[in-house]
Amino acid sequence: MDGWETRRKRIPGHDWCIIQLGVPGLIYGLDVDTSFFTGNHSPHVSIQAACLDHTPSLTLEGDRTGQAASDIQLTAVAKLGSEAWPELLCVSELKPGYKESCNNYFQVNAKVRVTHLRLNMYPGT
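Description of the structure in this document. The structure presented is a predicted model; accordingly, all values stated were derived computationally and were not measured. Every chain's residues receive numbers from 1 upward, in the order its sequence appears when written. Only residues with pLDDT of at least 70 get local features here, since the model is predicted, and only at 80 or more are side-chain atom pairs given and counted; chain-wide, interface and lining totals rely on the full set of residues. In computing side-chain properties, one takes all heavy atoms of the structure into account and sets aside hydrogens as well as water.

## Re the packing of aromatic side chains
Geometry of aromatic contacts follows a simple scheme: Phe, Tyr and Trp rings, the Trp one being its six-membered ring, pair when their centres are within 6.5 Å, and the pair is stacked under 30 degrees between planes, edge-to-face over 60, tilted otherwise. Applying the stated criterion across every chain, the model contains 0 aromatic pairs. The ring of Trp16 has Arg118 lying over it, and the distance from NZ or CZ to the ring centre is 4.1 Å. Counting as a charge over the ring demands two things of the Lys NZ or Arg CZ atom: a distance within 6 Å of the ring centre and an angle within 35 degrees of the ring normal.

## Topic: the pairing of strand 3 (residues 44-50)
The buried label goes to any residue with under 20% of its type's maximum accessible area, the exposed label to any with over 50%, and the partly exposed label to all in between, with areas taken from a 1.4 Å probe on protein chains only. Each helix is a run of H or I in the DSSP string that is no shorter than four residues. Each strand is a run of E no shorter than two, and both are numbered from the N terminus. The buried fraction of strand 3 amounts to 6 of the 7 residues, a majority that puts the element mostly inside the structure. Judged from the 4 bridges that link them, strand 3 and strand 4 (residues 87-93) form a sheet pairing that is antiparallel. The partner of Ile47 across the bridge, within strand 4, is Leu89. Strand pairing requires that DSSP identify at least two bridges connecting the strands. Pairing analysis gives 7 bridges linking strand 3 to strand 6 (residues 114-122), with the strands arranged antiparallel. Residue pairing in the sheet places Val45 in a bridge with Met121 of strand 6.

## Topic: the sheet that holds strand 6
Ordered in space as 1-6-3-4, the 4 strands form an open sheet in which the pairing is antiparallel. Among the strands making up the open sheet, the edge pair consists of strand 1 (15-25) and strand 4. Here the strands of the sheet are splayed against their neighbours by 15° on average, with no regard to which way each runs. Only the stretch in contact is used when a helix axis is fitted, and all axes are lines through C-alpha atoms; the angle between N-to-C directions ranges over 0 to 180 degrees.

## Focus on the environment of Asp53
In this structure, Asp53 sits in the loop between strand 3 and helix 1 (71-78). The exposure class of Asp53 is exposed, given its relative accessible area of 80%. In this structure the C-alpha to C-alpha distance between Asp53 and Thr115, which are 62 residues apart in sequence, comes to 8.7 Å.

## Observations concerning the side chain of Ser101
Among the secondary structure elements, Ser101 is positioned in the loop between strand 4 and strand 5 (103-107). A distance of 2.8 Å separates a polar atom in the side chain of Ser101 from the backbone oxygen of Pro96. Residues are treated as being in contact if the distance between any of their heavy atoms lies within 4.5 Å. Filtering out sequence-adjacent residues up to four positions away, Ser101 remains in contact with Thr34, Lys95 and Pro96. A 3.5 Å cut-off defines polar contacts: any pair of N or O atoms within that distance qualifies, except that in protein one atom must be a possible hydrogen donor and the other a possible acceptor, and neighbouring residues in sequence count only when both atoms are side-chain atoms.

## Focus: the nonpolar core
As a rule of thumb, soluble globular proteins bury nonpolar side chains together. Judged by nonpolar contacts, the single largest core of 17 residues is most densely connected at Ile27, Val45, Ile47, Leu88 and Leu117. Those elements that place two or more of their residues in this core are strand 2 (29-33), strand 3, strand 4 and strand 6. Not counting residues up to four positions away in its chain, the partners in contact with Val45 are Val32, Leu89, Cys90, Val91, Ser92, Leu94, Phe106, Leu119, Asn120, Met121 and Tyr122. We call a set of buried Ala, Val, Leu, Ile, Met, Phe, Trp, Tyr and Cys residues a nonpolar core when their side-chain atoms join them within 4.5 Å.

See below:
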């Protein structure tokens, strides 16, 4: 993803996405980069992790840029049970995307192999 403006969210709750890692592995640190989001960055983030035995089959349905996931996509993701994955990073503050503050580094220690992350972005109040 190259950008996320959760302050534009118009329905209750928070935004999230599933990220499939390029290769399975242990995670020791994360950088949530807010570059160029200087007034519209998400102020808080949390990250969950899992090691899935199989890769979920998610299909793209045309150009959905700027749109929420479709009902078909949400049904497929619901089968992953990602809301119950173990937390790798608890809710943590993000700094705005100025050059001196855009890299939000977090030290973590995944004790097991990870294949997928769930990135939770919490809007400002």
